[in-house]
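Each chain, letter by letter, is given below.
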Amino acid sequence: MIRDVLRMGDPRLLQRSAPVDAFGNPALDALLADMRETMVAKKGAGLAAPQIGVLQQVVIFGVERNERYPDAEPVPYTELVNPVLTPLSDERDEDWEGCLSIPDIRGMVPRFTDVTVRALDRNGKKIELRLKNFAARVAQHETDHLDGVLFFDRMTSMQSLTFLEEYSRFHSKDED
Ligand code: NI
């Protein structure tokens, strides 16, 4: 089922989500199914459970060709429960981000370029991933939602903030 996505200003987006403690059950399967359907319908690169009002540590992400992120490299579809993200170096890079909870806005956000993620899958099996560049960016953005952090909080300057229409006109790499 496609769920409503909470928008910035909803206090639930600023709360910490709780760890999942029950795996391999219909409730978690249904949550992940709803999240995937919602992410695809809204053309997001990722989605965190609190964005649909479920304050549990569950995120998904994945990008094939995405019209909201025409310049993005593909990222395989990934589901992470109780993720813990660790940067592997201090190296960061700044690039554009958007968020389904902050519609039609883009801003430049610094993120670590090389991270590992330890998490569980829907059945409670351990997952360890090494992610770089855009995949690392998306994972950091989504796991931030579990701490009640939105990408505005990660920006070092608000100067790059742009509406989507102006982003397409002036800032998309396709226009260069
Ligand atoms: Ni977001």
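Residues numbered from 1 in each chain as written. Predicted model: local features only at pLDDT ≥ 70, side-chain atom pairs only at ≥ 80, totals over all residues. Heavy atoms only, no water.

Help me understand the coordination of the nickel ion, please; the structure alone is not making it clear to me.
For a metal bound by four donors in tetrahedral geometry, the ideal donor-metal-donor angle is 109.5 degrees, whereas six donors in octahedral geometry ideally sit at 90 or 180 degrees. At 2.1 to 2.2 Å from the nickel ion lie its protein donor atoms, namely Cys99 (SG), His141 (NE2) and His145 (NE2). The sequence pattern formed by the donor residues of the nickel ion is C-x41-H-x3-H. With cysteine 99 in strand 4 (residues 92-99) and histidine 141 in helix 2 (residues 133-146), this residue pair connects regions lying 42 residues apart in the sequence. Judged on exposure class, the residue cysteine 99 and its partner histidine 141 are both buried. (Donors = N, O, S within 2.8 Å, 3.2 Å for Na, K, Ca; no water. Helix = DSSP H or I, 4+ residues; strand = E, 2+ residues; numbered from the N terminus. Buried < 20%, exposed > 50% of the residue type's maximum accessible area, 1.4 Å probe, protein only.)

How do you make sense of the nonpolar core when you look at a structure like this?
Of all hydrophobic cores here, the largest spans 19 residues; its most connected members are Phe61, Val117, Leu131 and Phe134. Mapped onto this core, the elements with two or more residues apiece are strand 2 (58-63), strand 3 (75-87), strand 6 (114-120) and helix 2. With near-sequence residues (within four places) excluded, leucine 131 lies in contact with Phe61, Thr113, Asp114, Val115, Val117, Ala136 and Ala139. Counting residues in each nonpolar core, the second largest holds 16 residues, with Leu31, Ala49, Val54 and Leu120 among its members. (Core = buried A, V, L, I, M, F, W, Y, C linked by side-chain atoms within 4.5 Å. Contact = heavy atoms within 4.5 Å.)

Would you explain the packing of aromatic side chains in this entry?
The geometry of an aromatic ring pair comes down to the distance between the two centres and the angle between the two planes. According to the stated counting rule, one finds 2 aromatic pairs in the structure shown. Here the aromatic rings of tryptophan 96 and tyrosine 167 are separated by 5.2 Å at their centres, their planes lie at 75°, and the arrangement is edge-to-face. Note that tryptophan 96 is positioned in strand 4 and tyrosine 167 in helix 4 (residues 164-171), a separation of 71 residues in sequence. No difference in accessibility class separates tryptophan 96 from tyrosine 167, as the two residues are buried. Centroid distance phenylalanine 151 to phenylalanine 152: 5.1 Å. Interplanar angle 85°. Geometry classified as edge-to-face. Here the guanidinium or amino end of arginine 36 rests over the ring plane of tyrosine 77, the centre of that ring lying 3.6 Å away. (Phe/Tyr/Trp six-rings, centres within 6.5 Å; stacked < 30°, edge-to-face > 60°. Lys NZ or Arg CZ within 6 Å of the ring centre and 35° of its normal.)

Explain the sheet that holds strand 7 (residues 126-132) to me, please; I cannot follow it from the model alone.
Sheets are built from strands paired through backbone hydrogen bonds, the pairs being either parallel or antiparallel. What the 5 strands build is an open sheet, ordered 1-2-3-6-7; its pairing is antiparallel. The open sheet has two free edges, formed respectively by strand 1 (46-48) and strand 7, since each of these has just one partner strand. Here the strands of the sheet are splayed against their neighbours by 40° on average, with no regard to which way each runs. In terms of strand pairing, strand 6 meets strand 7 through 7 bridges, oriented antiparallel. (Pairing = 2+ DSSP bridges. Axes fitted to C-alpha atoms, helices over the stretch in contact; angles between N-to-C directions.)

Help me understand the pairing of strand 3, please; the structure alone is not making it clear to me.
Sheet faces and side chains relate simply in a regular strand, where the side chains alternate between the two faces. Two strands pair when backbone bridges link them, and strand 2 and strand 3 are joined in this way by 5 bridges, in the antiparallel orientation. Each residue of the ladder has a partner; that of isoleucine 60, found in strand 3, is glutamate 79. Pairing of strand 3 with strand 6 involves 5 bridges; the strand directions are antiparallel. Counterpart to leucine 85 in the pairing with strand 6 is valine 117.

Got a minute to help me understand the sheet that holds strand 5 (residues 102-112) in this structure?
Spatially, 3 strands are ordered 4-5-8 in an open sheet, and the strand pairing comes out antiparallel. Unpaired on one side and paired on the other, strand 4 and strand 8 (162-163) mark the two borders of the sheet. Sheet strands touched by helix 2: strand 4 and strand 5. Its angle to strand 4, the strand with the most contacts, is close to 60°.

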